[in-house]
Amino acid sequence: MSENLDKSNINDAGKSNDSEQDLGGAVEGSDEALDKRIKPGSPSPQRVQRPHSSPPRFVTVEELLETAKGVTNMALAHEIAVNGEFRIKPVELPEDSLEKRVKDIVHKAFWDCLSTQLSEDPPTYDHAIKLVGEIKQTLLSFLLPGHTRLRNQITEVLDLDLIKQEAENGALDISKLAEFIIGMMGTLCAPARDEEVKKLKDIKEIVPLFRAIFSVLDLMKVDMANFAVTSIRPHLMQQSVEYERKKFQELLEKQPNSLDFVTQWLEEASDDLMNQKYKNSLPAAGGAAASGDATMLSPVAVQNYAYLKLLKWDHLQRPFPETVLMDQSRFQELQLQLEQLTILGAVLLVTFNMAAPGVSSQADFAEKLKMIVKILLTDMHLPSFHLKDALTTIGEKVCVEVSSCLSLCGFTPFTTDQETVLKGQIQAVASPEDPIRRIMGKLIPWRPTEGTQFKGFRSLKELLWI
């Protein structure tokens, strides 16, 4: 059919089921783009031995295909609902790929055949009429139910039976049909495509004109699909919770062990909270033990703690819980941001502890120091990033800024020994076992509230969350 249509795999925007399947590729494309920002090495969950809460059940191929389709549709709806920047883009095949070479060969053969038919005397219009039929269906797919006049106009002018009769009688005027098609495309296209449609009028040869028409039509299909995504997003956002709950319930009914990782994840969160509550409720010497009611956990507390555990998840060794698997790349992104904030907070805490009390209270100094450290930690997500080298540079910059601020505030500047100690403490943050880094890693996930304890960390956390 057309060149880019094979790329985007987008059918008629009015067919909801087909659209969901077509958009699935775009969802995978957006995930791949995000994965490039994540450090490589995260294995597939299938590599890890899966726990079984119930015995496995044999399923048919049809059941597997139906389940896969349901999961794909749910992933697509989820992506549209949570990603406001979700857009469909035509897939551009790599120049040296086998798929592109085969596609180019097939398309060249088709257009050469069309050129040969039109060069005959008298011309043969079999292929040309088929192309007009495809163009007709594409134009009709762009129309809304209320576009009755345009629908009648397209149906009347692009009447294939009439066109075949004209071709048989030698009265077919391809240029006139192309002129009508270009005019209708100009009426239906988005404003961003006006320039591409206008360029079609300058092409005089029939075969290049048809190729260009199909190329622009493919872009219009992408525009139409993106318009459909934008239109259904508010509805999906309202219905997404119930929709996903229903889909997971259907999946659980077909495969009773399909949510084992979620069960394990929530049970671990509940056990961790119970252990913490038990330790906190141990009676002091001569005191009474806490009652059973005091250690009861609310579902919301377990859920919140479980989500916090995802920020420290070992993606290399553990499979991700099924109900949040569609957002794994987002949690990896958050995990990287948390790691960056942890390093930033540890560096600021060490610096404020070494500097005079009056210096750490200077808002401009704190903000400037924060920006310097953030800039030097910008590339933490890249495999080529070396934290020790970055912290060495950060130590040098911090010492310069602290000494400058001390001088401006009338305090005694750092001595060489003090600078050496500060640089050493900053470089020690590179170790995950560093006490300051571990403290910041535990505190940062909770944003400061009025009831937050550890008042010494409150102002630091507020600075980090700006």
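Residues numbered from 1 in each chain as written. Predicted model: local features only at pLDDT ≥ 70, side-chain atom pairs only at ≥ 80, totals over all residues. Heavy atoms only, no water.

(A) Fine view of the overall build of the protein chain. Scanning the protein chain from terminus to terminus reveals 19 helices and zero strands. With 466 residues in all, the protein chain has 38% of them scored as buried. For the protein chain, the share of sequence-separated contacts (at least 6 apart) that also reach a separation of at least 24 residues comes to 70%. Roughly 27,500 Å² of accessible area belongs to the protein chain as shown, and the carbon and sulfur atoms make up 55% of that amount. (Helix = DSSP H or I, 4+ residues; strand = E, 2+ residues; numbered from the N terminus. Buried < 20%, exposed > 50% of the residue type's maximum accessible area, 1.4 Å probe, protein only. Contact = heavy atoms within 4.5 Å. Areas by Shrake-Rupley, 256 points an atom, 1.4 Å probe, with all protein chains shown as cover.)

(B) Spotlight on the pattern of salt bridges. Enumeration over the complete set of coordinates arrives at 12 salt bridges. Put simply, Lys423 and Glu396 hold a salt bridge, and the shortest N to O gap is 3.1 Å. Note that Lys423 is positioned in helix H17 (residues 416–428) and Glu396 in helix H16 (residues 387–408), a separation of 27 residues in sequence. Given a relative accessible area of 42%, Glu396 falls into the partly exposed group. Between Glu433 and Arg438 there is a salt bridge, with the nearest N and O atoms lying 3.5 Å from each other. On the basis of relative accessibility, which here comes to 55%, the residue Glu433 falls in the exposed class. Relative accessible area serves as the criterion here: at 44%, Arg438 is assigned to the partly exposed category. Here the residues in one salt-bridge network are Arg193, Glu196 and Asp223, joined through shared partners. (Salt bridge = Lys/Arg side-chain N within 4 Å of Asp/Glu carboxyl O.)

(C) Spotlight on the nonpolar core. Residues Ile343, Val347, Leu377, Leu391, Ile394, Val398 and Ile426 are the most contacted members of the largest nonpolar core, which totals 53 residues. Of all the secondary-structure elements, those providing two or more residues to this core are helix H10 (206–254), helix H11 (260–280), helix H12 (299–310), helix H13 (328–354), helix H15 (363–376), H16 and H17. Per-element tally for this core: the top contributor is H13, with 11 residues. Aside from chain neighbours lying at most four places away, what touches Leu391 is Ile343, Val347, Ile426, Gln427, Val429 and Ala430. (Core = buried A, V, L, I, M, F, W, Y, C linked by side-chain atoms within 4.5 Å.)

(D) Representation of H12 within the structure. Taking 1.5 Å of rise per residue, the 12 residues of H12 would be expected to cover 16 Å, and the 17 Å separating its terminal C-alpha atoms lies within 8% of that figure. Turning to H12, the residues buried within the fold contact H11 and H13. (Expected span 1.5 Å × (residues − 1).)

(E) Representation of the packing of H13 against helix H18 (residues 435–443). Look at H13 against H18: their axes get within 8 Å of each other, and the N-to-C directions meet at 125°. Judged on the interaxial angle alone, H18 and H13 are oblique. H18 is crossed by H13, and the crossing has right-handed handedness. Across from Glu339, Thr342, Ile343, Gly345, Ala346, Leu349 and Val350 in H13, the residues of H18 making contact are Ile436, Arg437, Met440 and Gly441. Taken together, the residues that form the contact of H13 with H18 break down as six nonpolar, three polar and two charged. (Axes fitted to C-alpha atoms, helices over the stretch in contact; angles between N-to-C directions. Parallel < 35°, antiparallel > 145°, perpendicular 65-115°, else oblique. Left-handed = near helix turned anticlockwise from the far one by under 90°. Nonpolar A, V, L, I, M, F, W, Y, C, P; charged D, E, K, R; others polar.)

(F) Geometry of a nonpolar patch on the surface. Taken together, the side chains of Leu98, Val102 and Val106 present a nonpolar region at the surface, about 280 Å² in accessible area. Following the sequence through the fold, Leu98 ends up in helix H4 (residues 98–119). (Patch = residues over 30% accessible without salt bridge, like charges linked within 9 Å, V, L, I, M, F, W, Y side chains within 5 Å.)

(G) Structural view of helix H7 (residues 160–168). Two or three places before Asp161, at the opening of H7, Asp159 has a side-chain oxygen 3.2 Å from that residue's backbone nitrogen. Following H7 by one or two positions, Gly170 adopts a phi angle in the positive range, close to 70°. (Polar contact = N/O pair within 3.5 Å; in protein donor to acceptor, adjacent residues only side chain to side chain.)

(H) Spotlight on the packing of H13 against H16. Taken N-terminus to C-terminus, the directions of H13 and H16 make an angle of 35°; their axes are 12 Å apart at the nearest point. The way H13 lies across H16 gives a crossing that is right-handed. Between H13 and H16, the contacting residues are Ile343, Val347 and Thr351 on the first element and Leu387, Leu391, Ile394, Val398 and Val402 on the second. Looking at the contact of H13 with H16 residue by residue, the class counts come to seven nonpolar, one polar and no charged.

(I) Fine view of the packing of aromatic side chains. Counted according to the given criterion, the structure contains six aromatic pairs. Measuring from ring centre to ring centre gives 5.2 Å for Phe110 and Trp111, while their planes differ by 80°; the resulting arrangement is edge-to-face. Centre to centre, the rings of Trp111 and Phe214 are 6.5 Å apart; their planes meet at 55°, and the pair counts as tilted. Here Phe214 lies in helix H10 and Trp111 lies in helix H4, a separation of 103 residues in the sequence. (Phe/Tyr/Trp six-rings, centres within 6.5 Å; stacked < 30°, edge-to-face > 60°.)

Geometric descriptors of this kind do not, in isolation, establish any biological role.
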